Each structure stands twice: as C-alpha cells, then as structure tokens.
Amino acid sequence: MKVVLLVLLFVSGVFSKGFNDEGSTYNPFTFVKAIKTANNAYTLEFKNDEESYFTNFYITAKGVIAFDPLSDIAAYEYIKQIKKYAPNKPLLAIVYSHLHTDHIAGARVLREEFGKNIPIIAHERVEKYLDYYNLSYIDKPNILIPYSGKTMKFGNTTIEFKYLGSAHTDSIIVPIIKEIKQAYICDFANNDVVGWTNLPGINLDELIKMKKEVLKLDVDVITFCHGKPGTKEAVKRQVKYYDTLFKEVSFSISKGMNLEEAQNSIELEEFKYFKNYDDWFKGNVEAVYLWLKKTQ
Ligand SMILES: [Zn+2]
C-alpha cells in the first residue's frame, strides 16, 4: 500500500542480498499458496513482514491474463504458478490495478519469461504517474483505460474494466471477468482487514461511496489484493465497519473528546477479528476523527 519501506530497507541492508534493484528488493514476499476461485481462475497469496498480499490470474482458451505482479520476487513465483496451472499457455496481458508500486512491480520479470511485448493494461493516470516518476523497475502500461471504462475480448473471454472512483489514488480500475462473474478489487476495499494505518490522504466519503458501488456490480466472486477471495458479503462487512466507526467517532466528538480520548475509548468488538486490527485500528479512528472535524 505504500512505497516508503524503500528507505527502511536501504537502512537495514536488504539491498545487499543480491537482487537486481529497488523494484525487486523493497517488497520481499514469501509465497503462501494458490487458491482456486472459479473455473480457470486462481488467486495467489503472498506475505511480507507487515501484511498479506493477493493477486490473480485467469486462464482463457487463448492464454493467461495476469493481474498485479507485485514485485520481482513475487513474479518469479508467479511464473511457476502460471506454468503449473496453465502449462504451455502464452501470457496474453498484464493488468495493473492502480499506480501503487507495491502491487505493480514485477511485470518485467513476467515479460522476460513470456515475451517482451506482452501488453500491460492500466488506468490512463498510471501512465502519467510512471512518466513523471520514471521508475526504472516498473514497466509502463501500453493499453490505457479511460475514466469511462473499457471492455476487452481475449478469445471468448470478455473482461470489463470499470472505474468506480478516486479514493486510494485516482487510478484504480476494477476488472470483471464476465464468464465467471469475478471482480478484482484492490486496496479501496478488502476482505476483513482494517484500513491501512491512518488512511493517509484518503477521501473517506469517496472511499465508502466506492465500496457501495461494488455492491451494485453483477458478480459472484470478488478477489481482493488484501484479504482472501470472497463475495459482496465481504464488502458489506467493510461498509458496516466504516458506518459503525463513523457513528462511534461522531459520538466521541459530540462528547467533547479529543483525538487521544476517542482513540482510547473506542473498540469495535464485532470487528476485532479483522486483520491488522491491533496495529491499525487506532489509526483508523484518527482518520475518521480528523475527517469529521474537517468536513462537519
Ligand atoms: Zn494502493
């Protein structure tokens, strides 16, 4: 969800481990397992020191569509998994969910293996972002999705790329694989995980609006980049989590509590099982507290 780890890794000497450059080293993942989510659809679970990451690939009659390649280290494992479940199939395209580099590094490794000219699909702002920062370790997209969205055919497979809003970078696309009614949602909603730290820079109204947009999609399966694959029920729990948190924080503010008092008084028993609750819940309270102070 962020890129600041880079600095920490410089300090901690991870760069001396012998990987080729920052794109491969700042997010050193361990592969956990592959999860079948539908016919010909697989989610790959990885973890790093801080959290779990998930990505997916889909096997069409013509070849494979690979979503977020995560990092060079993850991509080496990604290749093995594609070859295991789709032996001898070509890679047709790579899809970036949004511009955050902790999800989209590693495409160069997939292309090294499957073909240098494999197209990369992303929202049009991802290209602008990468042009601006010119990150040597991230391959740039060459099929751009406009704000109005786009539908593409890969053999008999139709994938719709939708834009649902600008929270968590104005660059997120939601790909929907029509024949299995499966959507991939990254970072703006997840499966039973609290929000990342104090939700820096996030427009919370927009964030919740986007989650509610997901509930309108005609899908049976949702894969998330954080949290196990699930259904719209997971997104309903997310909406309920934020609704409950907003109510609790509003109440604290109405009682005249300062931020620290609110953080120390609010616990959401119903959601304590969410991943990273112990680490990030107080940060989530802070985000909502400051948001309400700013917007009300
Ligand atoms: Zn992100």
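Structure: above.
Since the structure is predicted, the reported quantities are computational estimates derived from the model, not experimental observations.

Parameters and conventions
Residues numbered from 1 in each chain as written. Predicted model: local features only at pLDDT ≥ 70, side-chain atom pairs only at ≥ 80, totals over all residues. Helix = DSSP H or I, 4+ residues; strand = E, 2+ residues; numbered from the N terminus. Rg over C-alpha atoms; globule rule 2.2 N^0.38 Å. Buried ≥ 20, exposed ≤ 12 C-beta atoms within 10 Å, placed from the backbone. Contact = placed C-beta atoms within 7 Å. Pairing = 2+ DSSP bridges. Right-handed = clockwise from strand over helix to strand, strands pointing away. Axes fitted to C-alpha atoms, helices over the stretch in contact; angles between N-to-C directions. Parallel < 35°, antiparallel > 145°, perpendicular 65-115°, else oblique. Left-handed = near helix turned anticlockwise from the far one by under 90°. Nonpolar A, V, L, I, M, F, W, Y, C, P; charged D, E, K, R; others polar. Expected span 1.5 Å × (residues − 1).

(A) Representation of the overall build of the protein chain in the model. Along the backbone of the protein chain there are 10 helices and 12 strands. Rg of the C-alpha trace for the protein chain: 19 Å, near the compact-globule value of 19 Å for 296 residues, within the 12% margin. Expressed along its principal axes, the backbone C-alpha trace of the protein chain runs to roughly 65 × 45 × 35 Å. Buried positions account for 43% of the 296 residues belonging to the protein chain. In the protein chain, the proportion of contacts linking residues at least 24 apart, taken out of those at least 6 apart, comes to 64%.

(B) How the structure looks around the pairing of strand E2 (residues 41-47). For E2, a buried count of 5 out of 7 residues is recorded, marking the element as mostly surrounded by other parts of the structure. In this structure, strand E1 (residues 30-38) lies alongside E2, joined through 7 bridges in antiparallel fashion. Within E2, the position partnered with lysine 33 by the bridge is glutamate 45. Bridge count for E2 against strand E3 (residues 52-59) is 7 bridges, and the pairing is antiparallel. Bridge pairing in E3 links tyrosine 42 to phenylalanine 57. Linking E2 to E3, which pair antiparallel, is a turn of 4 residues.

(C) Highlighting unusual backbone geometry. Notably, asparagine 40 is not glycine yet its phi reads approximately 65°, a positive angle. We classify asparagine 40 as partly exposed; it has 18 C-beta atoms within 10 Å. One non-glycine residue, threonine 197, adopts positive backbone phi at about 45°. Within the secondary structure, threonine 197 sits in the loop between strand E11 (182-185) and helix H7 (204-215).

(D) Broad picture of the pairing of strand E6 (residues 120-123). In the sheet, strand E5 (residues 91-95) pairs with E6 via 2 bridges, with the strands oriented parallel. If you follow valine 95 over to E6, its bridge partner there is isoleucine 121. Alignment of E6 against strand E7 (residues 143-145), held across 3 bridges, turns out to be parallel. Across the sheet, alanine 122 pairs through a bridge with leucine 144, a residue of E7. Crossover connection from E6 via helix H6 (residues 124-133) to parallel E7: handedness right-handed.

(E) Expanded view of the packing of H7 against helix H8 (residues 232-254). One way to put it is that H7 packs onto H8 with a least axis distance of 9 Å and a crossing angle of 150°. Taken together, H7 and H8 sit at an angle that is classed as roughly antiparallel. Seen from above, H7 lies across H8 with left-handed handedness. Across the interface between the two elements, Ile208, Lys211, Lys212, Val214 and Leu215 from H7 touch Lys232, Val235, Lys236, Gln238, Val239 and Tyr242 from H8. Residue composition of the contact of H7 with H8, grouped by class: 6 nonpolar, 1 polar and 4 charged.

(F) Seen up close, the sheet that holds E3. Sheet architecture is open: 7 strands sit in the order E1-E2-E3-E4-E5-E6-E7, paired in mixed fashion. Both outer strands of the open sheet, E1 and E7, are each paired with one neighbouring strand and no more. Ignoring strand direction, the axes of neighbouring strands in this sheet form an average angle of 20°. Contacting strand E4 (64-67), E5 and E6, helix H5 (residues 107-114) runs over the sheet at an angle of about 175° to E5.

(G) View of the sheet that holds strand E12 (residues 221-224). With mixed pairing, 5 strands are arranged side by side in an open sheet as E8-E9-E10-E11-E12. At either end of the open sheet lies a strand with only one pairing partner, and these are strand E8 (150-154) and E12. With direction set aside, neighbouring strand axes in the sheet form an average angle of 20°. Where strand E9 (residues 157-162) lies against strand E10 (residues 174-177), 4 bridges are found, and the strand directions are antiparallel. Across the sheet, residue isoleucine 159 finds its bridge partner in E10, namely isoleucine 177.

(H) Local environment of H8. Taking 1.5 Å per residue as the helical rise, H8 with its 23 residues ought to reach 33 Å, and the 33 Å between its terminal C-alpha atoms agrees with that figure. Among the residues making up H8, those that are buried are Ala234, Val235, Gln238, Tyr241, Leu245, Val249 and Ser252. On its buried face, H8 sits against H7, E12, helix H9 (259-265) and helix H10 (277-295). Downstream of H8 by a residue or two, glycine 256 has a phi angle that is positive, lying close to 80°.

(I) Representation of the packing of H8 against H10. At a minimum axis separation of 9 Å, H8 and H10 run at an interaxial angle of 60°. Crossing geometry of H8 relative to H10 is assigned as right-handed. Where H8 abuts H10, its residues Leu245, Phe246, Val249, Ser250 and Ile253 lie against Asn284, Val285, Val288, Tyr289 and Leu292. Its residues assigned to classes, the contact of H8 with H10 shows 8 nonpolar, 2 polar and no charged.

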